[in-house]
Amino acid sequence: MPALYSFIFFALVFGPAVCVSEMAHAQQGPSFDCTKAESSAEELVCDNVDLATLDRRLAERYAAARAAISALEADSEDAMNNLLATQRGWVKGRDDCWKATDLRTCVADNYLMREGELVSQWLLEQPKAVVTYTCDGSPANEVTAYFFDTELPSLRLEYGDSIRSGWLVPAASGAKYAIDFGGSFWSKGDDARFEPTEGDVVTCEKAS
């Protein structure tokens, strides 16, 4: 078979399969270029389909957060700078998982927590529930909690001028969330224990 016809035959027979294979790999791979992986965490994500799926999903959440910020009428520049800074900090934290005993679990947890943070901070999904609590017996001291059904359940807390994000952690009873910058929020029925910062605890109950 002449070389030209041999080449055309190979392209016709094998070309589509190669293209499909490359497309499938792209769909299964992470959002970044694996040839430029710079950490053991990134290398693991490139080699693990489940982690690569988390990476693609987080990239979509991050893009949605950027879009939400771009739609803001005020303070969009500060919000975008903050998002960029926290994302860089998150990447560093994920890459520091090489220090963990279980690299895969550490990397997966970092992705899930960051996803919950983006969803809750920028309201990228409808919350499954919104509950307002009165704290320390004062109607003027309220906390509104938005609960999100992300893969790792997440939380948005609004109190005063502050917005905090949290993620579900193991608890003997009720639902306990660790929140960013330290502290926790622990709800049991109509009651809650809110710790804005470690050691600073207020007791709350569901507002009527």
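Here, every reference points to the structure presented above.
Structure report, in brief. Keep in mind it's a predicted model, so treat the numbers as computed, not measured. (Residues numbered from 1 in each chain as written. Predicted model: local features only at pLDDT ≥ 70, side-chain atom pairs only at ≥ 80, totals over all residues. Heavy atoms only, no water.)

What to know about the pattern of salt bridges
Consideration 1: Under the criterion given, the structure shown has twelve salt bridges.
Consideration 2: The salt bridge partner of Glu158 is Arg156, with a shortest N-O separation of 2.9 Å.
Consideration 3: Relative accessible area serves as the criterion here: at 25%, Glu158 is assigned to the partly exposed category.
Consideration 4: Bridged by salt links that share partners, the residues Arg57, Arg61, Glu115, Glu125 and Glu151 form one connected network. (Salt bridge = Lys/Arg side-chain N within 4 Å of Asp/Glu carboxyl O. Buried < 20%, exposed > 50% of the residue type's maximum accessible area, 1.4 Å probe, protein only.)

As for the state of the cysteines
Consideration 1: Counting across every chain of the model gives three disulfides.
Consideration 2: Note that Cys34 is cross-linked by a disulfide to Cys46, the S-S spacing being 2.0 Å. An S-S torsion of about -100° defines the bridge between Cys34 and Cys46 as left-handed. One end of the pair, Cys34, is in the loop between helix H1 (3-28) and helix H2 (40-47); the other, Cys46, is in helix H2, and twelve residues separate them in sequence.
Consideration 3: Note on cysteine connectivity: Cys135 is disulfide-linked to Cys204, with sulfurs 2.1 Å apart. Between Cys135 and Cys204, the S-S dihedral sits near 95°, and the bridge is therefore right-handed. (Disulfide = S-S within 2.5 Å. Helix = DSSP H or I, 4+ residues; strand = E, 2+ residues; numbered from the N terminus.)

Here's the deal with the side chain of Thr144
Consideration 1: Tracing the chain through its elements places Thr144 in strand S2 (residues 138-148).
Consideration 2: For Thr144, the side chain forms a polar contact with the side chain of Thr132, separated by 3.3 Å.
Consideration 3: Ignoring any residue separated from it by four or fewer positions in sequence, one finds Thr144 in contact with Val130, Val131, Thr132, Arg156, Leu157 and Glu158. (Polar contact = N/O pair within 3.5 Å; in protein donor to acceptor, adjacent residues only side chain to side chain. Contact = heavy atoms within 4.5 Å.)

With respect to the sheet that holds strand S1 (residues 129-135)
Consideration 1: Within the closed barrel, the eight strands sit side by side as S1-S2-S3-S4-S5-S6-S7-S8. Their pairing is antiparallel. When strand polarity is set aside, the average angle formed by the axes of neighbouring strands in this sheet is 30°.
Consideration 2: As judged from the three bridges shared by S1 and strand S8 (residues 200-206), these two strands associate in the antiparallel manner. Bridge pairing in S8 links Cys135 to Cys204. (Pairing = 2+ DSSP bridges. Axes fitted to C-alpha atoms, helices over the stretch in contact; angles between N-to-C directions.)

Digging into the side chain of Gln87
Consideration 1: Inspection of the secondary structure puts Gln87 in helix H4 (residues 76-95).
Consideration 2: Judged by its relative accessible area of 12%, Gln87 falls in the buried class.
Consideration 3: With residues up to four places along the chain from it excluded, the contact list for Gln87 reads Tyr62 and Arg114.

Observations concerning the packing of H2 against helix H3 (residues 49-70)
Consideration 1: Where H2 contacts H3, the two axes come as close as 5 Å, and the packing angle between them is 105°. Classed by the angle they form, the pair H2 and H3 counts as roughly perpendicular. From H2, Leu44, Val45 and Asp47 reach across to H3, where they touch Val49, Leu51, Ala52 and Asp55.
Consideration 2: Residues that form the contact of H2 with H3 fall into these classes: five nonpolar, no polar and two charged. (Parallel < 35°, antiparallel > 145°, perpendicular 65-115°, else oblique. Nonpolar A, V, L, I, M, F, W, Y, C, P; charged D, E, K, R; others polar.)

What about H2?
Consideration 1: Buried within H2 are the following residues: Ala41, Glu42 and Val45. Taken around the axis of H2, the buried residues stretch over an arc of 95°, which confines them to a single face.
Consideration 2: On its buried side, H2 packs onto H3, H4 and helix H5 (103-122). (Arc of directions from axis to C-beta.)

Some thoughts on the environment of Tyr177
Consideration 1: Position of Tyr177 among the secondary structure elements: in strand S5 (residues 175-179).
Consideration 2: Note on Tyr177: relative accessible area 4%, which makes it buried.
Consideration 3: Along the chain, Tyr177 and Gly166 lie eleven residues apart, while their C-alpha atoms are 5.6 Å from each other.
Consideration 4: Look past the residues within four positions of Tyr177 in its chain and what remains in contact with it is Phe147, Pro153, Ser154, Leu155, Gly166, Trp167, Leu168, Val169, Gly183, Ser184 and Phe185.

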